[in-house]
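Descriptive analysis of the structure
Here is what each chain is made of, one letter per residue.
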Amino acid sequence: MTRIVSVDEYEPEVKKRSVRGVPFFIRDDLIDVITDHGDEGLLRDSEIMGLIVGKVYKDDDGEYAIATGVISSELEADETSVRFDQSDMTQLIDGIDELKNGDRIIGWYHSHLGCGCFMSDTDIKTQNGLFGGRIGFAMVIDPVLRQLKVFDSTIDGPQQIQMIVME
């Protein structure tokens, strides 16, 4: 079964986070993979997207996540929209099926070209559909403006959050 957090009951491991109050941690090499993907899309004048994989933990301040990888596949995209190619989801499904060691989908990333990092109405519907208010993150990159922002998954609508980039 696909491990999107909102549909899979789980009990996160108890582990104290390294920085209090920060809900999302990601390795710098994963940021490089995501921004490189964004640059590739920019060369084609197309948005990009993928899934963020990781582990969910809890401590005295609540739940938080550490990203451990990303998954993407062929995309249907232009300069203002993107979606996974419905005719060939094999790469995406294989990546999800290969999750191990407690990894699950903890977020997704996508790009906006030259209009900044924000959550559009479509982005909010996608975020709510994936995570339904449970822990989950949306990373938006703009390879034209060289911006990156991360948003959480709350019932009242995604809010920009802090993240820690780890070496």
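In what follows, the accompanying structure is described. (Residues numbered from 1 in each chain as written. Predicted model: local features only at pLDDT ≥ 70, side-chain atom pairs only at ≥ 80, totals over all residues. Heavy atoms only, no water.)

**Considering the overall build of the chain**
Helix and strand counts for the chain stand at 3 helices and 11 strands. Ordering the α and β elements of the chain from the N terminus gives β-β-α-β-β-β-β-α-β-α-β-β-β-β. Over its C-alpha trace the chain gives a radius of gyration of 15 Å, about what one expects of a compact globule, namely 15 Å for 167 residues. Across the 167 residues of the chain, 47% fall into the buried class. Considering only intrachain contacts with a sequence separation of at least 6, the fraction spanning at least 24 residues in the chain is 67%. Put simply, the chain shows about 8700 Å² of open surface, and 47% of that area lies on carbon and sulfur atoms. (Helix = DSSP H or I, 4+ residues; strand = E, 2+ residues; numbered from the N terminus. Rg over C-alpha atoms; globule rule 2.2 N^0.38 Å. Buried < 20%, exposed > 50% of the residue type's maximum accessible area, 1.4 Å probe, protein only. Contact = heavy atoms within 4.5 Å. Areas by Shrake-Rupley, 256 points an atom, 1.4 Å probe, with all protein chains shown as cover.)

**Quick notes on the nonpolar core**
Phe 24, Ile 26, Ile 52, Ala 67, Ile 106, Phe 137 and Met 139 are the most contacted members of the largest nonpolar core, which has 19 residues in total. For this core, the secondary structure elements donating two or more residues are strand S2 (24-27), helix H1 (28-43), strand S3 (49-59), strand S4 (62-71), strand S7 (104-111) and strand S8 (137-142). Residues contacting Ala 67, with those up to four places away along its chain left out, are Phe 24, Phe 25, Ile 26, Arg 27, Leu 30, Ile 52, Val 53, Gly 54 and Ile 106. Core analysis: the next-biggest nonpolar cluster, separate from the first, contains 18 residues, Leu 51, Ile 71, Trp 108 and Val 140 among them. (Core = buried A, V, L, I, M, F, W, Y, C linked by side-chain atoms within 4.5 Å.)

**Description of the pattern of salt bridges**
Summed over all chains, the structure comprises 7 salt bridges. As a salt-bridge pair, Arg 27 and Asp 29 come within 2.9 Å of each other at their nearest N and O atoms. Looking at Arg 27, the relative accessible area reads 28%, which means it is partly exposed. Exposure remark for Asp 29: the relative accessible area of 35% places this residue in the partly exposed category. The residue Glu 76 makes a salt bridge to Arg 83 at a minimum N-O spacing of 2.9 Å. By relative accessible area, Arg 83 is classed as partly exposed at 44%. (Salt bridge = Lys/Arg side-chain N within 4 Å of Asp/Glu carboxyl O.)

**Concerning helix H3 (residues 121-131)**
Of the residues making up H3, those classed as buried are Asp 123, Gln 127, Leu 130 and Phe 131. Taken down its axis, H3 places every buried residue within 75° of arc, on the same side. Exposed residues on H3 whose side chains face more than 90 degrees from its buried face are Asp 121, Thr 122, Lys 125 and Gly 129. Close packing links the buried residues of H3 with S7, S8 and strand S9 (147-151). Residue Gly 132 follows H3 closely and has a positive phi angle near 50°. (Arc of directions from axis to C-beta.)

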